Amino acid sequence: MGNPRVRALLLFFLVLTFGVLILGGQMINRDKPPIPERVKTPAGDTVFTGTDVNHGRNYYFSRGGQHIGTIWGHGSYLAPDWSADFLHRMGLFLAARHNGLAPGEAAGFSQKDFDALDAVTRARLSALVQEEMRANRYDPGTGTLAFTPHQAEAFQALARYYTELFQSGNERMGLQPGIVKTTEQGRQVTSFFAWLAWAAGTPRPDAPHTYTSNWPYDPLVGNTPLPDTIIWSIVSVILLILVTAVALFLYLRYLREEDYEPKLLKDFPEPAPTASQKMTLPYFLVAIALLVVQIGLGAVTAHFTVEGTYFFGIPLGKILPYAAARTWHLQLAVFFIATCFLAAGLFIGPFVGREPKKQGLLVGVLFGAVVVVVLGSLSGTWLSIAGMFGGDGFYLGHQGYEYIELGRVWQLLLIVGMLIWLVLVLRAILPALRKEDDAGGLTHMLLYSAVSIPLFYMAGLMYGKASHVSNAEYWRWWVVHLWVEGFFEVFATVVMAFLLSHIGAVSRGFALKTTYFIVFLYLGSGVIGTFHHLYWTGTPTPIIALGAVFSALEVVPLTLLGFEVVHNLRVIRAGGRTYAYKWPIYFFVSVAFWNLVGAGVFGFLINPPIVLYFSQGINTTPIHAHTAMFGVYGLLAISLLLFSVRHIVTRRSWSDGLLKGSFWGLNGGLAAMAVFSLIPSGFYQLYHAVASGLWYARSPEIASGEFIRFFSWMRLVPDVIFASGAILLLAFLVRGIWISFFNTAKAAPAAKR
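A brief report on the enclosed structure follows. None of these values were measured; they are calculated from a predicted model.

Before going further, it helps to examine the overall build of the protein. Within the protein, the regular secondary structure consists of 27 helices and 6 strands. Here the C-alpha atoms of the protein give a radius of gyration of 27 Å, agreeing with the 27 Å that 2.2 N^0.38 yields for 753 residues. Overall size of the protein, expressed as C-alpha extent along the three principal axes, is 85 × 60 × 45 Å. In the protein, of all internal contacts separated by at least 6 residues, the share reaching a separation of at least 24 is 78%. Surface accessibility of the protein: about 27800 Å² in total, with carbon and sulfur atoms responsible for 68%.

Quick look at the sheet that holds strand E1 (residues 38–40) now. Spatially, 4 strands are ordered E2-E1-E6-E5 in an open sheet, and the strand pairing comes out mixed. Edge strands, defined here as strands with exactly one partner in the open sheet, are strand E2 (46–49) and strand E5 (138–139). Along the sheet face, helix H2 (residues 50–62) touches E1 and E2 and points at about 50° away from the line of E2.

For the rest of this paragraph, the subject is the environment of Gly576. Within the element layout of this structure, Gly576 appears in the loop between helix H19 (561–575) and helix H20 (582–605). Taking the relative accessible area as the measure of exposure, Gly576 reaches 27% and is therefore partly exposed. Considered as a pair, Gly576 and Ser452 are 124 residues apart in the sequence and their alpha carbons are 38 Å apart.

Summed over the entire model, instances satisfying the criterion amount to 59 aromatic pairs. Taking 4.9 Å as the distance between ring centres and 80° as the angle between the ring planes, the aromatic pair formed by Phe630 and Phe722 counts as edge-to-face. With Phe630 in helix H22 (residues 621–646) and Phe722 in helix H27 (residues 716–742), this pair connects stretches of sequence that are 92 residues apart. We note that Phe630, like Phe722, is buried. Aromatic rings pair up to connect Tyr60, Phe61, Trp82, Phe86, Tyr161, Tyr162, Phe166, Phe192, Phe193, Tyr401 and Tyr463 into one cluster. The aromatic ring of Tyr463 is capped on one face by Arg408, whose charged end is 5.5 Å from the ring centroid. Of note, Arg646 hangs over the ring of Phe268, and the distance from its end group to the ring centre comes to 4.5 Å.

What follows is about helix H14 (residues 408–435). Relative to the 40 Å expected for 28 residues at 1.5 Å per residue, H14 spans 40 Å between its end C-alpha atoms, a close match to the ideal helical length. For H14, the principal kink sits at Ile429 and spans about 50°; a proline, Pro431, occurs within the next four residues.

Structurally, Ser639 can be placed in helix H22. The buried category is assigned to Ser639, whose relative accessible area is 0%. Within the structure, Ser639 has its side chain in polar contact with the backbone oxygen of Pro584 (distance 3.0 Å). Once residues within four sequence positions are removed from consideration, Ser639 is found in contact with Met496, Pro584, Phe587 and Phe588.

So, about the nonpolar core. In terms of nonpolar packing, the biggest core is built from 229 residues, with Trp82, Phe192, Phe193, Phe336, Trp421, Trp483 and Ile638 touching the most fellow members. The element that contributes the greatest number of residues to this core is helix H16 (residues 469–502), accounting for 23 residues.

Where helix H3 (residues 82–98) meets helix H6 (residues 119–133), the axes come as close as 9 Å, and the angle between the chain directions of the two elements is 120°. Between H3 and H6, the angle is such that the two are oblique. Crossing hand, H3 versus H6: right-handed. Along its contact with H3, which presents Leu87, Met90, Gly91, Leu94, Ala95 and His98, the element H6 presents Arg124, Leu125, Leu128, Val129, Glu132 and Met133.

Among the surface-exposed residues, Phe312, Trp713, Leu716, Val717, Val720 and Ile721 lie close enough to one another that they form a single nonpolar patch of about 590 Å² accessible area. Ranked by residues supplied to the nonpolar patch, first place goes to H27 with 4 residues. Examined against the element boundaries, Leu716 turns out to sit in helix H27. Since its relative accessible area comes to 49%, Leu716 is described here as partly exposed.

A separate point is the pattern of salt bridges. If you walk through the whole model with that rule in mind, you get 9 salt bridges. We note a salt bridge from Arg187 to Glu184, for which the minimum N-O separation is 3.0 Å. Of the two residues, Arg187 and Glu184 are both situated in helix H8 (residues 183–201); the distance of 3 residues between them amounts to about one turn of the helix. Given the relative accessible area of 39%, Glu184 is considered partly exposed. Linking Glu473 and Arg476 is a salt bridge whose minimum nitrogen-to-oxygen distance equals 2.8 Å. One end of the pair is Glu473 and the other is Arg476, both in helix H16 and 3 residues apart, which spans about a single turn. Members of the salt-bridge network, linked through shared partners, are Asp52, Glu184 and Arg187.

Note: E1 against E2, 3 bridges, orientation antiparallel. Considered in E2, the bridge of Lys40 is made with Thr46. The antiparallel hairpin formed by E1 and E2 contains 5 residues in its connecting segment, where Gly44 sits at a positive phi of about 95°.

Time to look at the environment of Leu500. As for its position among the elements, Leu500 is in helix H16. A sequence separation of 104 residues divides Leu500 from Leu396, and the C-alpha atoms of the two residues are 42 Å apart. For Leu500, the contacting residues outside a window of four places in its chain are Ala505, Val506, Phe588 and Phe643.

Take the environment of Gly634 next. Here Gly634 is to be found in helix H22. We classify Gly634 as buried; its relative accessible area is 0%. Sequence spacing of Gly634 and Ala333 is 301 residues, and the spatial spacing of their C-alpha atoms is 8.0 Å. Beyond its immediate sequence surroundings of up to four residues, Gly634 is in contact with Phe336, Ile337 and Met629.

A cis amide bond links Trp215 to the next residue, Pro216, at an omega of 5°. Here Ser213, not a glycine, exhibits a phi torsion of approximately 55°, which is positive. Within the fold, Ser213 resides in the loop between H8 and helix H9 (227–254). The phi angle at Phe312 is positive, at roughly 50°, despite the residue not being glycine. Note on placement: Phe312 falls in the loop between helix H11 (280–307) and helix H12 (322–352). What makes Phe312 exposed here is its relative accessible area of 53%.

Definitions and cut-offs
Residues numbered from 1 in each chain as written. Predicted model: local features only at pLDDT ≥ 70, side-chain atom pairs only at ≥ 80, totals over all residues. Heavy atoms only, no water. Helix = DSSP H or I, 4+ residues; strand = E, 2+ residues; numbered from the N terminus. Rg over C-alpha atoms; globule rule 2.2 N^0.38 Å. Contact = heavy atoms within 4.5 Å. Areas by Shrake-Rupley, 256 points an atom, 1.4 Å probe, with all protein chains shown as cover. Pairing = 2+ DSSP bridges. Axes fitted to C-alpha atoms, helices over the stretch in contact; angles between N-to-C directions. Buried < 20%, exposed > 50% of the residue type's maximum accessible area, 1.4 Å probe, protein only. Phe/Tyr/Trp six-rings, centres within 6.5 Å; stacked < 30°, edge-to-face > 60°. Lys NZ or Arg CZ within 6 Å of the ring centre and 35° of its normal. Expected span 1.5 Å × (residues − 1). Bend = angle between axes of the 7 residues up to and from the residue. Polar contact = N/O pair within 3.5 Å; in protein donor to acceptor, adjacent residues only side chain to side chain. Core = buried A, V, L, I, M, F, W, Y, C linked by side-chain atoms within 4.5 Å. Parallel < 35°, antiparallel > 145°, perpendicular 65-115°, else oblique. Left-handed = near helix turned anticlockwise from the far one by under 90°. Patch = residues over 30% accessible without salt bridge, like charges linked within 9 Å, V, L, I, M, F, W, Y side chains within 5 Å. Salt bridge = Lys/Arg side-chain N within 4 Å of Asp/Glu carboxyl O.

Right, dumping it as structure tokens:
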């Protein structure tokens, strides 16, 4: 990997992949579903306007957005997918009208009523529904969309239904009362849902499929899988097998067995941390405290499935609505992981270079600024969900999109904090950069990966309050997929390379070589693989092909993790029972395990288009989300924390016993959560999505039915085990800090090492 030509080739390939990603974004912008200026009846009466759609979207997002159900499959899973729900309800209304029912009777016509009809009548009504709904009556010249009289009647009936639903709330859906306060707000939110459903059920002018590629599955309205989804799923599996074989050959060809031989530094002197390294301890302490709270909120969020807006009889929804609990659950996960990663970067700076003047003070000031942003964003999202901002929560309250919930002002302040962090890291590693003649060396890789963290988070600024949903989703996944799953992982890889080479687990040359290899494999597939999140968000069908192939290839580097596990276990064995880095490396080994299982197996479970066609927006996604988000990035953050803290706290304050309990609690609890709750719930819902359609799989009969409520209760013991692991880790940190810096008494007998 030291060959300049090889590096040039890798750089060219990386630039090429971003070129494809940007080109895909241009295609999405060009072919996104149009928002009509006016929707009218044949008589010329206005049903709703584009302004209504935009106001409804802003109000819906401000009150929690993707945390009160899903749109086009993205969001939370307790309430319905509103695009699928509106689409199917309109289909039933039209079927009832074509069967001779009056508008009032049609409003109450259900799937059970439809199923009670004879087969010939059902087939006739389905054909009439599809003929009416699958005609594209949008005129791009005038910006006008024509609804049939029956469609206009359906809109009015559904506006009354959704207004009542969001005014009164619904226990089974986890909706608290008062989400909309007026009939006009309800009508505008319904207008947004109506447009989403129109795009999902209406063919493009130049294609036989809808703007969302016939998603969601709903036979009543004619939505069935495209041949493309099957073909590209098959192609992706074939290419996965081929490229995996090539990657294994290259890995074994260029990363030889002797490179793995550890030359461990078994002697561990008393740490002598710098002032700035000591100041990273508040970061780590707060991060684990956030993790404990985040786990608690996860348990509360899961309990909404069992008891609606109540928590063991307490009307929790009045104080902490489901949308707020789930928002904080996701926000705190991001804050916990990001804080650990940023603190590790601040620690590694003097570790690699030197301690600049007043670095400790500046690290402390940055910590205070981060605390303000975290508290401000959490407060803002709660106030927005509570309705304090009306439909204007985008800037100080809630943006409405998963993982980027914080208001735009807090988002900007967070970016400023990241830029300050980058300057602090650069100050510390500057001497090492000057000594390293190779611009592609490990220290320079640390710089490049550090720059990427604020840079790619800024992609979240590329959409605004008035942006089209298709465009906003494109840029949102730049942050969620590329920032979290891509460049944070690259940064962590470089930091771990420094740490492992420092302790003699690998040579510096081997660390650099594997860093290049991992960057090439992860980003080479992962950049274009971003498209697999965008199959059904109003994107053109080439996005399906690109997303299917390259997201499948993201599994390739995970097939190599067995080598990493074997090597790291060998390091621990060579270090002996009292090896100073035993538990940091054990946590790193668990990252490899969950990378293979959570990101690889469960990630590939929802990657192929034909699978995601049915599983988008149901509980198969949380299987991957939990086992990859925490299993990979959460445990990686903890591993970085432990490597850093090992060089900060005193030797006598270190407790292998607490870390052992934490390790097995976190890993055992996560595994039990997946096996006894998430997997059964996800596959049960998937069955109903395939059998009947997303509208039914997400209905209260299924999403909060007896089966899923039972398996939600089954999470109780795994959640307790998981939480105990986090609490033990917090106790380990508190103990280490107390004994190292506040307990001046004579050293007591050391804890078990």
